Amino acid sequence: MSSPLSIAAIVGRPNVGKSTFFNRLIGRRSALVEKKPGITRDRNYGKAQYHGFEFIVIDTGGLEPVAESSLIEKMAMQVQLAVEEADCVLFVVNAQEGWTPGDEDIFRKLVATERPLFVVVNKADNKRLENESMEFHQFGTEKIFPVSSEHNRGIEALLHKVNQQIPIQQKKTDSEKDLNNLENPVAVAVVGKPNAGKSSIVNALLRKERMIVDTISGTTRDSVDSLCVYQRKEVLLVDTAGIRRRGKVSQKIETFSIVSALRSIERSDVALLIIDAKEGITEQVLKIAGYVNERKKALIIVFNKWDLAKKEYNSKKEVENEILNKLNFISFAPLILVSAKSGQRVHQIFDLIFQVHKQYLRRVKTSDLNTMLQIIVNQHPPPSKSGRPTKVFYGNQVSVSPPTFVFMTNNPDKTNFAYERYIANQFRHHFGFEGTPLKFIWRKKKSTHGRKSSKSS
């Protein structure tokens, strides 16, 4: 969708500190940062603020003047797309390395785009490096800004200049004004094993090459946000790095990827669990589903590459039964069989997102809750303790996201997982709650015996 905010693209060679600069601008650790070139591959978006001035920042992969592989070529394409989207370009160079021929090649390409260009001389961590940064004037531009992203030096002077020269707010069309009145977007984390097709699903939903899609397992290492609108409702898609088995996390950056994915789950409302239909339910799929379930997020199971796998099953019912059997602990999650490559049923995912999110926010009237609770308990009483019946007196829904219920009982210790599952199944049968986990809290009802005694005395 069009944005009413100006957009600044961060561009530069690998390992000049673009991601650290990006994190400094948006005020949180979003992009992965490590002293190793080529970490950021896709475009990553964030919102920066400066004295009431807001703008969108795009972090890009390191731009290599000469592409040496298909992945580097795709990274260069992502940089080009980011520059085309941008109102200005923040060209990051390294003060500690000085001017390089690679910087000059990139600078000439950026000048040809005719976008307003600011040369950000990063890692100018002291006065000497700040003074030496002036050599970058040989680029032929006066817009030289020595900064230290790590130590927050020079950032304000840069943003002040950007604020002066770039339109703070583009003129809004009527449709954009309408979009600004929409509700807060539904945050959707796209999770799964590496190479299950997460980025392809996001691309199919967005109808454009938003993510780099490559046959190399684990191409996406950073979590990347994409805001889109479907039927006048906003959805924030977060394509996360593939979560690998711990035994295969051999490099520090892969550990960061797992942390990034888990953080994406934490800040989401809904998770799409992408499963490679050719591989089926593996041990790692079970672990990822467990991550989502532990964090009590609404969930949709997306069986991707169905066009390749459907010949191996007699019917869709057979697939459903297999998934229900192996993923019984998330049996509340709806299943959809899709093909990101052909687009088959992909856009039905949006409808499911809104359905499960509505249930994730659902609140039941206390009177309806307790009427149904008594029926459920009478049909199948909770386990007794030492021959003494366990009573459930009443319940309240105390919150949503996920729907959370407190039950008052005379014996909270005796209620077990099996009984909770029974109540959850009954609640789903009577109230809905498709796609959302339910949280139950058991509390002991305070006895009024002491009060009566004190009154009689």
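All values derive from a computational prediction rather than experimental measurement.

Basis of the calculations
Residues numbered from 1 in each chain as written. Predicted model: local features only at pLDDT ≥ 70, side-chain atom pairs only at ≥ 80, totals over all residues. Heavy atoms only, no water. Helix = DSSP H or I, 4+ residues; strand = E, 2+ residues; numbered from the N terminus. Buried < 20%, exposed > 50% of the residue type's maximum accessible area, 1.4 Å probe, protein only. Contact = heavy atoms within 4.5 Å. Areas by Shrake-Rupley, 256 points an atom, 1.4 Å probe, with all protein chains shown as cover. Pairing = 2+ DSSP bridges. Axes fitted to C-alpha atoms, helices over the stretch in contact; angles between N-to-C directions. Right-handed = clockwise from strand over helix to strand, strands pointing away. Salt bridge = Lys/Arg side-chain N within 4 Å of Asp/Glu carboxyl O. Polar contact = N/O pair within 3.5 Å; in protein donor to acceptor, adjacent residues only side chain to side chain. Patch = residues over 30% accessible without salt bridge, like charges linked within 9 Å, V, L, I, M, F, W, Y side chains within 5 Å. Lys, Arg positive; Asp, Glu negative; His and termini not counted. Charge placed at Lys NZ, Arg CZ, Asp CG, Glu CD. Phe/Tyr/Trp six-rings, centres within 6.5 Å; stacked < 30°, edge-to-face > 60°. Lys NZ or Arg CZ within 6 Å of the ring centre and 35° of its normal. pLDDT = per-residue confidence, 0-100. Parallel < 35°, antiparallel > 145°, perpendicular 65-115°, else oblique. Nonpolar A, V, L, I, M, F, W, Y, C, P; charged D, E, K, R; others polar. Core = buried A, V, L, I, M, F, W, Y, C linked by side-chain atoms within 4.5 Å.

A short note on the overall build of the protein
Next up, step 1: The helix and strand inventory of the protein stands at 15 helices and 15 strands.
Next up, step 2: Put simply, the protein has 457 residues, and 52% of those count as buried.
Next up, step 3: Pairs at least 24 residues apart make up 71% of the contacts formed inside the protein by residues separated by at least 6 positions.
Next up, step 4: Surface summary for the protein: the accessible area is close to 22300 Å², and the carbon and sulfur share equals 48%.

Section: the sheet that holds strand E13 (residues 392–399)
Next up, step 1: Strands sit in the order E13-E14-E15 across an open sheet of three strands; the sheet is mixed. The open sheet terminates on both sides in strands that have one partner only, identified here as E13 and strand E15 (439–444). On average, each strand axis in the sheet is tilted by 25 degrees relative to the strand beside it, whichever way the strands run.
Next up, step 2: Of the strands in this sheet, E13 and strand E14 (404–409) touch helix H13 (residues 366–379), which is tilted by about 140 degrees from E13.
Next up, step 3: Packed onto the sheet, helix H14 (residues 417–431) meets E14 and E15 and runs at close to 125 degrees relative to E15.

Side note on the pairing of strand E4 (residues 88–94)
Within a regular beta strand, the side chains point alternately toward one face of the sheet and then the other, so they alternate between its two faces.
Next up, step 1: Counting buried positions along E4 gives seven out of seven residues, so the element sits mostly inside the fold.
Next up, step 2: On E4, burial covers both faces: Cys 88, Leu 90, Val 92 and Asn 94 on one face and Val 89, Phe 91 and Val 93 on the other are all buried.
Next up, step 3: Pairing of E4 with strand E5 (residues 117–122), which is carried by six bridges, proceeds in the parallel orientation. Paired with Leu 90 across the strands is Phe 118, a residue of E5.
Next up, step 4: The parallel pair E4 and E5 is bridged by helix H3 (residues 101–112), and the resulting crossover is right-handed.

Here we look at the pattern of salt bridges
Next up, step 1: Scanning all chains against the criterion turns up twelve salt bridges.
Next up, step 2: Ionic pairing is found between Asp 103 and Arg 13, a salt bridge with its closest N-O pair at 2.8 Å. With Asp 103 in helix H3 and Arg 13 in the loop between strand E1 (6–12) and helix H1 (18–26), this pair connects stretches of sequence that are 90 residues apart. Residues Asp 103 and Arg 13 agree in their burial class; the two are buried.

A short note on the side chain of Ser 339
Next up, step 1: Residue position: Ser 339 is located in the loop between strand E12 (335–337) and helix H12 (348–360).
Next up, step 2: On the accessibility criterion, Ser 339 (0% relative accessible area) is buried.
Next up, step 3: Side-chain polar atoms of Ser 339 contact the side chain of Asp 307, separated by 3.1 Å.

A short note on a positive patch on the surface
Next up, step 1: A surface patch of like charges, here positive, comprises Lys 385, Arg 388, Lys 391 and Lys 444.
Next up, step 2: Residue position: Arg 388 is located in the loop between H13 and E13.

Regarding the packing of aromatic side chains
Next up, step 1: On inspection of all chains with the given rule, the structure shows 16 aromatic pairs.
Next up, step 2: On the basis of an interplanar angle of 45 degrees and a centroid distance of 6.0 Å, the ring pair of Phe 118 and Phe 145 is categorised as tilted. Taken together, the residues Phe 118 in strand E5 and Phe 145 in strand E6 (residues 144–146) connect sequence positions 27 residues apart. For the residue pair Phe 118 and Phe 145, the accessibility class agrees, reading buried in each case.
Next up, step 3: Note on Phe 405 and Phe 427: the rings are 5.2 Å apart at their centroids and 75 degrees apart in plane angle, and the pair reads as edge-to-face. Of this pair, Phe 405 sits in strand E14 while Phe 427 is found in helix H14, placing the two residues 22 residues apart along the sequence. For the residue pair Phe 405 and Phe 427, the accessibility class agrees, reading buried in each case.
Next up, step 4: Here the basic side chain of Lys 445 rests over the ring of Phe 393, its NZ or CZ set 4.6 Å away from the ring centre.

Points about the pairing of strand E3 (residues 53–59)
Next up, step 1: In terms of burial, E3 is largely enclosed, as six of its seven residues are buried.
Next up, step 2: Taken together, the five bridges between E1 and E3 define a ladder with parallel strand orientation. Residue Ser 6 lies in a different strand from E3, and its bridge partner there is Phe 55.

Looking at the confidence of the model for the protein
Next up, step 1: Per-residue confidence for the protein averages 79 on the pLDDT scale, and 76% of its residues sit at or above 70.
Next up, step 2: Within the model, pLDDT remains below 50 along residues 450–457, and this stretch shows zero contacts once partners closer than five positions in the same chain are excluded.

What to know about the packing of H1 against helix H5 (residues 155–165)
A pair of packed helices can be characterised by two numbers: the angle between their axes and the separation between those axes.
Next up, step 1: Here H1 crosses H5 at 75 degrees, and the two axes come no closer than 12 Å. In this view, H1 runs roughly perpendicular relative to H5, as classed from their interaxial angle. From H1, Phe 21, Arg 24 and Leu 25 reach across to H5, where they touch Ile 155, Leu 158 and Leu 159.
Next up, step 2: For the contact of H1 with H5, the residue count by class is five nonpolar, no polar and one charged.

Thoughts on the nonpolar core
Next up, step 1: The biggest cluster of nonpolar side chains holds 30 residues, and the ones touching the most others in it are Leu 272, Ile 300, Val 302, Ile 349 and Ile 353.
Next up, step 2: Elements with a contribution of two residues or more to this core: strand E7 (186–192), helix H7 (198–206), strand E8 (224–230), strand E9 (233–239), strand E10 (270–276), strand E11 (298–304) and H12.
Next up, step 3: Top contributing element to this core by residue count: H12, with seven residues.
Next up, step 4: When neighbours within four sequence positions are excluded, Ile 353 is seen to be in contact with Val 186, Val 188, Val 270, Leu 272 and Ile 300.
Next up, step 5: Core analysis: the next-biggest nonpolar cluster, separate from the first, contains 26 residues, Val 191, Ala 289, Leu 299 and Ile 323 among them.

Some points on unusual backbone geometry
Glycine aside, a negative phi is what most residues show, and trans is what most peptide bonds show.
Next up, step 1: Ser 401 connects to Pro 402 through a cis peptide bond whose omega is 5 degrees.
Next up, step 2: One non-glycine residue, Glu 114, lies in the positive phi region at around 65 degrees.
Next up, step 3: With respect to the helices and strands, the residue Glu 114 is situated in the loop between H3 and E5.
Next up, step 4: Looking at Glu 114, the relative accessible area reads 69%, which means it is exposed.
Next up, step 5: With phi around 65 degrees, Lys 305 is a residue other than glycine that occupies positive phi space.
Next up, step 6: Its location among the elements puts Lys 305 in the loop between E11 and helix H10 (306–309).
Next up, step 7: A relative accessible area of 22% places Lys 305 in the partly exposed class.

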